[in-house]
Amino acid sequence: MRVVMIGTGYVGLVSGACFADFGHDVTCVDKDEAKIARLREGVMPIYEPGLQALVARNVDEGRLTFSGDGAAIAAADAVFIAVGTPSRRGDGHADLSYVHAAAEDIAALVEGFTVVVTKSTVPVGTGDEVEAIIRRARPQADVAVVSNPEFLREGSAIEDFKRPDRVVVGLTDPRARGVMAELYRPLNLNETPMVFTDRRTSELIKYAANAFLAMKITFINEVADLCETVGADVQQVARGIGLDKRIGPKFLHAGPGYGGSCFPKDTLALARTAADAGAPLELVETATRVNAARKQAMAGRIAAALGGDLAGKTIGVLGLTFKPNTDDMREAPALEIVPRLQALGARVQAFDPEGHEARQLLAGVAFVEGPYEAVAGADAVVIITEWDQFRALDLARVKSLMRAPVVIDLRNIYRPEEMRRLGFTYASIGRA
Ligand SMILES: NC(=O)c1ccc[n+]([C@@H]2O[C@H](COP(=O)([O-])OP(=O)(O)OC[C@H]3O[C@@H](n4cnc5c(N)ncnc54)[C@H](O)[C@@H]3O)[C@@H](O)[C@H]2O)c1
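Quick notes on the rules
- In this convention, every chain numbers its residues from 1, walking through the sequence in written order.
- Under the rules for a predicted model, residues below a pLDDT of 70 receive no local features and side-chain atom pairs below 80 are neither given nor counted, while totals for whole chains, interfaces and linings still include all residues.
- Computation of side-chain values: all heavy atoms of the structure, hydrogens and water removed.
- Secondary structure elements are taken from DSSP: a helix is a run of H or I of four residues or more, a strand is a run of E of two residues or more, and numbering for both begins at the N terminus.
- Put simply, the radius of gyration uses C-alpha atoms, and a globule should come to 2.2 Å times the residue count raised to 0.38.
- Note on exposure labels: buried denotes an accessible area under 20% of the residue type's maximum, exposed denotes more than 50%, and partly exposed covers the range between, all computed with a 1.4 Å probe on protein chains only.
- Any two residues whose heavy atoms approach within 4.5 Å at even a single point are treated as in contact.
- Residue exposure ignores everything except the shown protein chains as possible cover, and the areas themselves are Shrake-Rupley values with a 1.4 Å probe.
- Within this scheme the basic residues Lys and Arg register as positive and the acidic residues Asp and Glu register as negative, but His and the chain ends are omitted.
- Charged side chains are reduced to one point each, which is NZ for Lys, CZ for Arg, CG for Asp and CD for Glu.
- Nearness is defined per residue: one heavy atom within 4 Å of the molecule or strand is enough.
- Pairing of N or O atoms within 3.5 Å defines a polar contact, subject to two protein rules: one partner must be a possible hydrogen donor and the other a possible acceptor, and residues neighboring in sequence count only if both atoms are side-chain atoms.
- All amino acids are sorted into three groups, where Ala, Val, Leu, Ile, Met, Phe, Trp, Tyr, Cys and Pro are nonpolar, Asp, Glu, Lys and Arg are charged, and the leftover types, Gly among them, are polar.
- At least two bridges found by DSSP between two strands is the condition for calling them paired.
- For helices, the fitted line uses only the C-alpha atoms of the stretch in contact; every axis is such a line through C-alpha atoms, and the angle between N-to-C directions lies from 0 to 180 degrees.
- Here the angle decides the label: under 35 degrees means roughly parallel, over 145 means roughly antiparallel, 65 to 115 means roughly perpendicular, and every other value means oblique.
- Take the far helix as the reference: if the near one is turned anticlockwise from it by less than a right angle, the crossing is left-handed, and if turned clockwise, right-handed.
- Among buried residues, the Ala, Val, Leu, Ile, Met, Phe, Trp, Tyr and Cys ones that are joined through side-chain atoms within 4.5 Å form a nonpolar core.
- What the arc covers is the set of directions going from the helix axis to the C-beta atoms.
- Think of it this way: a Phe, Tyr or Trp ring, Trp meaning its six-membered ring, pairs with another when their centres are within 6.5 Å, and the plane angle makes it stacked under 30 degrees, edge-to-face over 60, tilted otherwise.
- Note on criteria: charge over ring means Lys NZ or Arg CZ within 6 Å of the ring centre, with the direction from the centre no more than 35 degrees off the ring normal.
- Within this document, salt bridges are pairs made up of a side-chain nitrogen of Lys or Arg and a carboxyl oxygen of Asp or Glu, the two lying within 4 Å of each other.

S.K.: Help me understand the overall build of the protein chain, please; the structure alone is not making it clear to me.
M.R.: Assigned secondary structure in the protein chain consists of 17 helices and 14 strands. A compact globule built from 432 residues would reach a C-alpha radius of gyration of about 22 Å, and the protein chain, at 23 Å, matches this within 12%. Dimensions along the principal axes, computed over C-alpha positions, put the protein chain at roughly 70 × 50 × 45 Å. Burial analysis of the protein chain (432 residues in total) assigns 53% to the buried set. The long-range share in the protein chain, meaning contacts at least 24 apart out of those at least 6 apart in sequence, stands at 73%. Counting every atom, the protein chain has about 18,800 Å² of accessible surface; 53% of that belongs to carbon and sulfur. On the protein chain, the mean spot of the 49 positive side-chain charges and the mean spot of the 56 negative ones are 4 Å from each other.

S.K.: It is not clear to me how the site of the ligand should be interpreted in this structure. Could you clarify?
M.R.: Close to the ligand lie 27 residues, the nearest being Asp30, Lys35, Thr85, Glu154 and Lys265. The contact in question runs from an oxygen atom of the ligand to an N or O atom on the side chain of Asp30, over 2.6 Å. Here a nitrogen atom of the ligand and a side-chain polar atom of Glu154 are 2.7 Å apart. Coverage of the ligand by the protein chains reaches 89% of its 840 Å² of free accessible surface. Of the residues forming the shell around the ligand, the biggest block, three residues, is contributed by helix α4 (residues 97-109). Residues belonging to the shell around the ligand are distributed by class as follows: nine nonpolar, eight polar and ten charged.

S.K.: How do you make sense of the sheet that holds strand β10 (residues 347-351) when you look at a structure like this?
M.R.: One open sheet accounts for six strands, arranged β11-β10-β9-β12-β13-β14; its pairing is parallel. In the strand order of this sheet, the two ends are held by β11 (366-367) and β14 (425-427), each with one partner. Of the strand pairs in this sheet, strand β13 (residues 406-409) and β14 are connected by three bridges, and their pairing is parallel. Looking at β14, one finds that Val406 is bridged to Thr425.

S.K.: I tried to follow the environment of Glu336 on my own but got confused; where do I start?
M.R.: Position of Glu336 relative to the elements: it lies in helix α12 (residues 333-343). Using a relative accessible area of 26% as the deciding quantity, one classes Glu336 as partly exposed. Note: C-alpha distance between Glu336 and Tyr98 (238 residues apart in sequence) is 27 Å. Excluding anything up to four places from it in sequence, Glu336 contacts Lys295 and Gln296.

S.K.: What exactly am I supposed to notice about the packing of helix α1 (residues 10-21) against helix α3 (residues 51-60) here?
M.R.: Helices that pack against each other are described as a pair by the angle of their axes relative to one another and the distance between those axes. One can describe the packing of α1 onto α3 by two numbers: an axis separation of 9 Å at closest approach and a directional angle of 50 degrees. Judged by the angle between their axes, α1 and α3 are oblique. In this structure, α1 meets α3 at a crossing whose hand is left-handed. Here Leu13, Val14, Ala17, Cys18, Ala20 and Asp21 of α1 come into contact with α3, specifically with Leu51, Leu54, Val55, Arg57 and Asn58. Here the contact of α1 with α3 is built from residues that sort into eight nonpolar, one polar and two charged.

S.K.: So what exactly am I meant to see when it comes to the nonpolar core here?
M.R.: Side chains of a nonpolar character, in soluble globular proteins, are inclined to be buried together. Grouped together as the largest cluster of nonpolar side chains are 41 residues, with contacts concentrated most on Phe19, Leu51, Phe80, Met180 and Leu183. The element best represented in this core is α1, accounting for seven residues. Every residue in contact with Met180, bar those within four places of it in the chain, is listed here: Phe80, Val115, Val117, Val146, Asn148, Val169, Leu171 and Phe196. If you look at the next biggest cluster of nonpolar residues, it comprises 37 residues, including Ile315, Val338, Ala350 and Leu362.

S.K.: I'm lost on unusual backbone geometry in this one. Help?
M.R.: The phi angle of most residues is negative, glycine excepted, and most peptide bonds adopt the trans form. In this model, Glu191 sits at a positive phi of 55 degrees, which is unusual for a non-glycine residue. Secondary-structure assignment places Glu191 in the loop between α7 (174-183) and β8 (194-197). If you check the backbone angles, Phe251 has positive phi at about 65 degrees while not being a glycine.

S.K.: Looking at this structure, how should I read α12?
M.R.: Since the α-helix turns once every 3.6 residues, residues separated by three or four places project in the same direction. Considered for burial, the residues of α12 that qualify are Pro333, Ala334, Ile337, Val338 and Leu341. In an axial view of α12, the angular spread of the buried residues amounts to 110 degrees, which keeps them on one side of the axis. Phi turns positive, to about 105 degrees, at Gly345, one or two residues after α12.

S.K.: Is there a simple way to explain the packing of aromatic side chains in this structure?
M.R.: Centre distance and the angle of the planes are the two values used to describe a pair of aromatic rings. What the rule picks out here adds up to ten aromatic pairs. Their ring planes at 80 degrees and their centres at 6.0 Å tell us that Phe19 and Phe22 sit as a pair that is edge-to-face. Ring centres 6.1 Å apart and planes at 75 degrees place the aromatic pair Phe351 and Phe390 in the edge-to-face group. Of this pair, Phe351 sits in strand β10 while Phe390 sits in helix α15 (residues 388-391), placing them 39 residues apart in sequence. Both residues of the pair, Phe351 and Phe390, count as buried. Joined through ring pairs, the aromatic side chains of Phe19, Phe22, Phe80, Phe161 and Tyr184 make up one cluster. Positioned over the ring face of Phe113 is Arg175, at 3.8 Å from the centre of the ring. Against the face of Tyr372 rests Arg397, its NZ or CZ located 3.8 Å from the ring centre.

S.K.: When you look at the pattern of salt bridges in this model, what are you seeing that I'm missing?
M.R.: Side-chain pairing between opposite charges can occur once the charged atoms of the two side chains come close. By the definition in use, this model includes 28 salt bridges. A salt bridge links Glu61 to Arg63; the nearest nitrogen and oxygen atoms lie 2.7 Å apart. A salt bridge links Arg185 to Glu182, with the shortest nitrogen-to-oxygen separation between them at 3.1 Å. Since its relative accessible area comes to 49%, Arg185 is described here as partly exposed. Look at Glu182 and you get partly exposed, because its relative accessible area is 28%.

Just distances and angles here, no functional claims.
In structure tokens form, the structure reads like this:
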């Protein structure tokens, strides 16, 4: 199949490279010319494990190309829209301007029967809008507009794309069903469930999935606070409830509150859609509110572990990205926590293996080149992101480098007994 992917970001680039790896002929398009130029030189615009090699292989074998324009749309069997849908400033609705612009581009160039697939996360009814834009510009165009939301996770994006729990496809046109089935045919081998449904249902499945996961995290975070107050251990509570198959063990890790490129904006957008439709989702509204307050409260929690006063203190921060194995800083808890620590008078020195964008986003921070540089001379260390390399620190060395041996572990990667035995003052989430 000939595929065009409009938008070559975390989703578009991974999806495009994986479709090429499935054997399709893929052109990844982006209006960011510098990104396309770098990709043509083999330089990845993002950090995603395994991506560089996957892209290189498919470029070498002639199945994957990059373009700054949509010329390849004319010959495509399927054109995917994988552009950003950030929160619209001021009201929390999804900003659909990039999706609409992509639909205009498609309308101008499409030839012959073409399946137009919205992979971006979009509010219910957006497929109708995409179709209306194309029909208005080209009433005779033979297009079927399909919803195919993406569920990959940054950090394990390739594995998630190639071995997903399910593929969701919303459509009515039987010809489009044939094209979508052919595109994902390699997944038949591992018997991936294909959920064919109508377009609106498909659009809503994506938001409902993200909202549910965001609520699950928020739930365990609130339980963690309760554990601290009553003297219980949230990790054992999580294990105890997670073994119940109706609950499941995943997304029950208490922490500083969820961030990232999806949950914050998608929960807000879903709550807005629901309120506008007169069917408010109060659980989701509450989760967004509780989570925002949680991220804001973390600096106070850190200050409390240091006796309440951060004036003149040096805090070493380990991890800045919203989660490990990505360079993505969007809505990262660190962006709330670090400025608040500074406002309380602390000096922050920080290390993240891939979160280079933090240098543009966080003013007044001393960015250092490794974890031991971040802890050197610190009055406390705060673990904000659980990169693997922070799980295996030489703790004796850490202790010897610090001014005072205080560790605030917002990801519960160390064991309280062990940290105390090693002589640290140790605070974590939801554990005595
Ligand atoms: N990042 C994730 O983990 C993830 C997971 C599942 C779904 N999604 C959804 O996928 C969509 C894309 O997310 P992302 O993280 O890949 O975004 P991103 O910001 O990394 O990438 C979007 C890309 O689209 C390009 N673009 C915008 N308008 C364009 C146009 N008209 N023509 C060509 N290129 C254009 C931008 O230059 C950018 O490179 C969003 O709707 C998001 O909610 C993201």
